[in-house]
Amino acid sequence: MERTILLTGGAGFIGSHVAVELLQQGCRVIIADDLSNSCEDVVQRIGAITGREPIFYQTDVADRAALERVFAAEPVEAVVHLAGYKAVGESVQKPLMYYRNNLDSTLTLLEVMDAHDVRQIIFSSSATVYGEKNPIPYTEQMPTGGCTNPYGWTKYMIEQMLKDLAASDPRWSAVCLRYFNPVGAHESGLIGEAPNGIPNNLMPYVTQTAAGIRKELTVFGGDYPTPDGTCMRDFIHVVDLARGHAAALEYARRESGWIAINLGSGRPSSVLELVHTFQEANDIPVPHRVGDRREGDLASYYADATRAKELLDWQTEKTLADMCRDSWRWQQNSQGK
Ligand code: UDP
């Protein structure tokens, strides 16, 4: 029988790609999203890619009555919980807003799920839970915490909530997916990341610079202890990331309990390597200069991706050049929209 999967935050960057993947695998997909950082167009675009539109509820996950209506109307089997505020800098400025939104919505979701006998959840976590002190590469067994901002702490705290919940009741299955650096876009060019205002993250800044919207990319720091002096990150194509969610749903169906799983390639690339790959793959210049370090950046971190391979039979397939080509296609298609 067809599985019905609820995606909270399903109209966002990662959620929309997870929706495409699940629809292509034959699932029914329900999206609950308040559109606070996304756009309803995305729902039609997901339909244009897959030939089948998800069912859309414009709902704030913290709104219990609205969420109750979704669960009453739909035979939800499992939830992928992606809804949440995600801007690191803003979380430092507005910590209460971040704690209130991210924690409150998760608590409401878990209570409503429990009341409706739905106990499989995939949570959108982040490598930021590894904090600043762990050696690289990061393995899931390492201690978490020591986060450097409220956004990161909300991920850490929600992981803990899910751990306690799963320990209290063996019917729960909770998979925390720790994302490394998601970039890229669907190869159709119809969905991708749509940052508000001046981008903080590297890839949207690169694509906007290539498009002439930004004059120049500043590479933050050229004196790190890495081969070319710039920071190194584990960039992961969002389509690979979405496939990881589908695999995690299969896992949650088979196994109960709590588990954390890294979703990364296991191979770091430097900021300059990404810029050079982007220029070559797209045959377009990205004006850039090396500037000062950005406060709070770690020199290098990447995933040990062994557990995902073993438990989910999943690994990344796309290259850095694929990420650069797909991000650029999306940038060109989305301009002016
Ligand atoms: N970065 C950069 N210039 C920018 C944005 C980011 O050099 O305009 C660097 C940043 O210092 C980090 C890497 O790109 O080393 C990835 O940053 P991003 O904000 O995308 O993700 P993070 O790793 O901080 O989560």
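Reading the values: the criteria
Position labels on residues start from 1 in each chain and follow its written sequence. pLDDT decides what is reported in this predicted model: residues at 70 or higher carry local features, side-chain atom pairs at 80 or more are listed and counted, and totals for whole chains, interfaces and linings draw on all residues regardless. Hydrogens and waters are ignored; side-chain quantities use all the structure's heavy atoms. Should a side-chain nitrogen of Lys or Arg be within 4 Å of a carboxyl oxygen of Asp or Glu, the pair is scored as a salt bridge. Every helix listed is a DSSP run of H or I at least four residues long, and every strand listed is a run of E at least two residues long, numbered separately from the N terminus. Note on classification: 1.4 Å probe, protein chains only; a residue is buried when its accessible area is under 20% of the maximum for its type, exposed when over 50%, partly exposed between these limits. Every helix has an expected span of 1.5 Å times one less than the residues it contains. Whether two residues touch is decided by their heavy atoms; if any such pair falls within 4.5 Å, the residues are in contact. One heavy atom within 4 Å of a molecule or strand is enough for the residue carrying it to be called near that molecule or strand. N or O atoms within 3.5 Å of each other form a polar contact, as long as, within protein, one can give a hydrogen and the other can take it, and as long as residues adjacent in sequence are counted only when both atoms are side-chain atoms. Per-residue and other accessible areas follow the Shrake-Rupley method at a 1.4 Å probe size, with only the shown protein chains counted as cover for residues. Here the rule is simple: two strands pair whenever DSSP picks up at least two bridges between them. Here an angle of 0 to 180 degrees is reported between the N-to-C directions of two axes, which are lines fitted to C-alpha atoms, with helices fitted over the stretch in contact. Within this scheme, the nonpolar core is defined by two criteria: the residues are buried Ala, Val, Leu, Ile, Met, Phe, Trp, Tyr or Cys, and they are joined through side-chain atoms within 4.5 Å. When an angle is under 35 degrees it counts as roughly parallel; over 145 it counts as roughly antiparallel; between 65 and 115 it counts as roughly perpendicular; any other value is oblique. Less than a right angle of anticlockwise turn of the near helix away from the far helix marks a crossing as left-handed, whereas a clockwise turn marks it as right-handed. In this analysis, the protein atoms alone were mapped onto a 1 Å grid. Cavities are point sets where a 1.4 Å probe fits without being able to get out; pockets are open sets with protein on both sides within 12 Å along at least five of seven lines; lining residues have an atom within 4 Å of a point. Grid points are joined across faces, edges and corners, and a volume is the space filled by probe spheres set on the points. Ten residues, namely Ala, Val, Leu, Ile, Met, Phe, Trp, Tyr, Cys and Pro, are considered nonpolar, four, namely Asp, Glu, Lys and Arg, are considered charged, and the remaining ones, Gly among them, are considered polar. When two cysteine sulfur atoms lie within 2.5 Å, the pair is treated as a disulfide.

Q: Is there a simple way to explain the pattern of salt bridges in this structure?
A: Enumeration over the complete set of coordinates arrives at 22 salt bridges. Put simply, Arg178 and Glu159 hold a salt bridge, and the shortest N to O gap is 2.7 Å. Of the two residues, Arg178 is situated in strand E6 (residues 173–179) and Glu159 in helix H6 (residues 150–168); the sequence distance between them amounts to 19 residues. Residue Arg178 is classed as buried on the basis of its relative accessible area of 2%. Between Arg243 and Glu317 there is a salt bridge; the shortest N-O distance is 3.3 Å.

Q: Can you walk me through helix H11 (residues 320–334) in this structure?
A: Turn by turn, an α-helix covers 3.6 residues, leaving residues three or four places apart pointing in a common direction. Its 15 residues give H11 an end-to-end C-alpha distance of 21 Å, which sits within 8% of 21 Å, the value for a rise of 1.5 Å per residue. The set of residues buried in H11 consists of Leu320, Met323, Cys324, Asp326, Ser327, Trp328, Trp330, Gln331 and Ser334. Along its buried surface, H11 packs onto helix H2 (41–50), strand E7 (181–183), helix H7 (202–210), strand E10 (235–237), strand E12 (269–270) and helix H9 (271–282).

Q: Looking at this structure, I do not really get the site of the ligand. What am I missing?
A: Close to the ligand lie 15 residues; Leu202, Thr218, Phe220, Arg233 and Asp297 are nearest. Asp297 places a polar side-chain atom, nitrogen or oxygen, 2.6 Å from an oxygen atom of the ligand. Protein coverage of the free-state accessible area of the ligand, which is 520 Å², stands at 87%. Of all the elements, strand E8 (residues 217–220) adds the most residues to the shell around the ligand, at four residues.

Q: Whenever I open this one, the sheet that holds strand E4 (residues 78–81) confuses me. Can you help?
A: Within a sheet, neighbouring strands are paired by backbone hydrogen bonds and run either parallel or antiparallel to one another. Spatially, seven strands are ordered E3-E2-E1-E4-E5-E6-E11 in an open sheet, and the strand pairing comes out parallel. Of all strands in the sheet, those bounded by a partner on one side alone are strand E3 (55–58) and strand E11 (257–263). The sheet shows a mean angle of 20° between the axes of neighbouring strands, direction not considered. As judged from the seven bridges shared by strand E5 (residues 120–126) and E6, these two strands associate in the parallel manner. Among the inter-strand pairings, Ser125 is bridged to a residue of E6, identified as Arg178.

Q: Please explain the nonpolar core as it appears in this structure.
A: Within soluble globular proteins, side chains that are nonpolar generally end up buried alongside one another. In this structure, Leu7, Leu22, Val175 and Leu263 are the most contacted members of the largest nonpolar core, which totals 44 residues. Top element by residues in this core is helix H8 (residues 238–254). It accounts for ten residues. Apart from the residues lying within four places of it in its own chain, the contact partners of Leu263 are Leu177, Arg178, Tyr179, Phe180, Ile236, Leu241, Gly244, His245, Ala308, Leu312 and Trp314. In this structure, Leu109, Leu110, Ile121 and Phe123 belong to the second largest nonpolar core, which totals 25 residues.

Q: Where do I start with unusual backbone geometry in this structure?
A: In terms of backbone geometry, most residues other than glycine have negative phi values and most peptide bonds are trans. In the segment running from Ile136 into Pro137, the intervening peptide bond is cis, with an omega of -5°. Mapped onto the fold, Pro137 is located in the loop between E5 and H6. Here Asp117, not a glycine, exhibits a phi torsion of approximately 55°, which is positive. Its location among the elements puts Asp117 in the loop between helix H5 (95–115) and E5. Here Asp117 falls in the exposed class, since its relative accessible area comes to 56%.

Q: So what exactly am I meant to see when it comes to the packing of helix H1 (residues 13–24) against H8 here?
A: In helix packing, the relevant descriptors are the interaxial angle and the interaxial distance, both defined with respect to the helix axes. Direction vectors running N to C along H1 and H8 enclose 60°, while the axes themselves pass 8 Å from each other. In terms of axis orientation, H1 runs oblique to H8. Between H1 and H8 the crossing geometry is right-handed. Here Phe13, Ile14, His17, Val18, Glu21 and Leu22 of H1 lie close against H8, whose contacting residues are Val238, Val239, Leu241, Ala242, Arg243, His245, Ala246 and Leu249.

Q: In this structure, what is going on with empty space enclosed by the protein? I would like to understand it.
A: Space left empty within the atom packing is revealed by a probe, the size of a water molecule, rolled over the atoms. Within this structure, the stated rule accounts for one cavity of 30 Å³ or more. A volume near 50 Å³ is recorded for the largest cavity. Considering every element that reaches the lining of the largest cavity, the biggest residue donor is H6, with three residues. Along the lines of polarity and charge, the residues of the lining of the largest cavity split into four nonpolar, six polar and one charged.

Q: Explain the packing of H1 against H2 to me, please; I cannot follow it from the model alone.
A: For the pair H1 and H2, interaxial distance at closest approach is 10 Å and the crossing angle is 35°. The two elements H1 and H2 cross, and the hand of that crossing is right-handed. Contacts between H1 and H2 involve Ser16, Ala19, Val20, Leu23 and Gln24 from the first element and Val42, Ile46, Ile49 and Thr50 from the second. When the residues that make up the contact of H1 with H2 are grouped by side-chain class, the tally is six nonpolar, three polar and no charged.

Q: What should I look at first to understand the state of the cysteines in this one?
A: In protein structure, a disulfide is the covalent linkage between the sulfur atoms of two cysteines. Under the criterion given, the structure shown has zero disulfides. Not engaged in a disulfide, the cysteine Cys147 finds its nearest cysteine sulfur in Cys176; these two sulfurs lie 13 Å apart. Unpaired in terms of disulfides, Cys324 finds its nearest cysteine sulfur in Cys231, a separation of 17 Å.

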